[in-house]
Amino acid sequence: MAKKLGITLLILSTLAFISAFTIPFFVHTGGGMAKWIAGLLIFSEVTFWTGGILLGKEVAKKYRSYLNPKNWKRKKVPDNPDQVSVKQDDV
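What counts and what doesn't
- Numbering of residues starts from 1 in each chain and follows the order in which that chain's sequence is written.
- Predicted model: local features are reported for residues with pLDDT of at least 70 only, side-chain atom pairs are reported and counted for 80 or more only, and whole-chain, interface and lining totals are derived from all residues.
- The side-chain figures draw on all heavy atoms in the structure; neither hydrogens nor water molecules are used.
- Runs of E in the DSSP output that reach at least two residues are strands. Runs of H or I that reach at least four are helices, and both are numbered from the N terminus.
- Any two residues whose heavy atoms approach within 4.5 Å at even a single point are treated as in contact.
- Using the Shrake-Rupley algorithm and a 1.4 Å probe, accessible areas are obtained, with residue cover drawn only from the displayed protein chains.
- Here's how the labels work: a residue is buried when its accessible area is under 20% of the maximum for its type, exposed when over 50%, partly exposed in between, all with a 1.4 Å probe on protein chains only.
- Nitrogen and oxygen atoms within 3.5 Å of one another constitute a polar contact, given that in protein one can donate a hydrogen and the other can accept it, and given that sequence-neighbouring residues count only through two side-chain atoms.
- Helix span is expected to be 1.5 Å times the residue number reduced by one.
- Here a cavity means grid points, on a 1 Å grid over the protein atoms only, where a 1.4 Å probe fits yet cannot get out; a pocket means an open set of points with protein on both sides within 12 Å along at least five of seven lines; lining residues are those with an atom within 4 Å of a point.
- Grid points are joined across faces, edges and corners, and a volume is the space filled by probe spheres set on the points.
- Throughout, the ten residues Ala, Val, Leu, Ile, Met, Phe, Trp, Tyr, Cys and Pro are labelled nonpolar, Asp, Glu, Lys and Arg are labelled charged, and all others, Gly among them, are labelled polar.
- For patch building, the residue pool is restricted to those with more than 30% relative accessible area and no salt bridge; the joining distance is 9 Å between like charges and 5 Å between nonpolar side chains (Val, Leu, Ile, Met, Phe, Trp, Tyr).
- A carboxyl oxygen of Asp or Glu within 4 Å of a side-chain nitrogen of Lys or Arg is what we treat as a salt bridge.
- Axes are fitted to the seven residues ending at a residue and to the seven starting at it; the angle between these axes is taken as the bend at that residue.
- UniProt positions are given in the numbering used here, feature names are shortened, and annotations may be inferred rather than shown by experiment.
- Here is the rule: rings of Phe, Tyr and Trp (six-membered ring for Trp) pair when centre to centre is within 6.5 Å. Planes less than 30 degrees apart are stacked, more than 60 are edge-to-face, and the remainder are tilted.

Quick notes on the overall build of the protein chain
If you tally the helices and strands in the protein chain, you get three helices and zero strands. In the protein chain, once contacts between residues fewer than 6 apart in sequence are set aside, the share between residues at least 24 apart is 63%. Within the structure as shown, the protein chain displays about 8300 Å² of accessible surface, and the carbon and sulfur contribution to it stands at 66%.

Have a look at this one:
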């Protein structure tokens, strides 16, 4: 239950952060824009950190390993093109 809530909070945080960039298209007063953007950014930070705390250290390590370029692996391409197996239909 806590894991689902944490993921939901992270998604909500992302949506709030992205929606802060759309405020200038909807609110036309300077003070109104500043209030809405500041409110959305604060809400985004609070939901992000709350979701991170609920998910815990294990999930953070897992996603951090996905973002580490050292863990990105490419498929090996054979050095010799004769080693590539080709179906008879493809020729």
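Things to note about the side chain of Ser44
You can see Ser44 is positioned in helix H3 (residues 30-67). Residues in contact with Ser44, not counting those within four places in the same chain, are Ser13, Ala16 and Phe17.

Here we look at the side chain of Ser13
Tracing the chain through its elements places Ser13 in helix H1 (residues 2-19). Exposure remark for Ser13: the relative accessible area of 4% places this residue in the buried category. At 2.8 Å, the side chain of Ser13 and the backbone oxygen of Ser44 are in polar contact.

Some details on H1
With 18 residues, H1 extends 25 Å from end C-alpha to end C-alpha; this agrees with the ideal 26 Å at 1.5 Å per step. Next to the buried residues of H1 lie H3.

Comments concerning the layout of surface pockets
The space that makes up the largest pocket amounts to roughly 240 Å³. Considering every element that reaches the lining of the largest pocket, the biggest residue donor is H3, with ten residues. Among the residues making up the lining of the largest pocket, the classes are represented as eight nonpolar, two polar and one charged.

Observations concerning a nonpolar patch on the surface
Taken together, the side chains of Phe17, Ile18, Phe21 and Leu41 define a hydrophobic patch exposed on the protein surface, amounting to about 400 Å² of accessible area. As for its placement among the helices and strands, Leu41 is situated in helix H3.

Things to note about H3
The first and last C-alpha atoms of H3 sit only 37 Å apart over 38 residues, clearly below the 56 Å expected at 1.5 Å per residue. The largest bend in H3 is about 105°, located at Gly56. For H3, every residue scored as buried is listed here: Gly32, Leu40, Ser44, Thr47, Gly51, Leu55 and Val59.

Some words on the UniProt feature "transmembrane region" (unreviewed entry) in the protein chain
Here the UniProt feature "transmembrane region" (unreviewed entry) sits at residues 36-56. Secondary structure content for residues 36-56 is 100% helix and 0% strand, while the C-alpha to C-alpha distance between its ends is 30 Å.

Notes on the packing of aromatic side chains
One pass over the full model with this rule turns up two aromatic pairs. Centre to centre, the rings of Phe17 and Phe21 are 5.5 Å apart; their planes meet at 85°, and the pair counts as edge-to-face. When its relative accessible area of 40% is taken as the criterion, Phe17 is described as partly exposed. What makes Phe21 exposed here is its relative accessible area of 57%.

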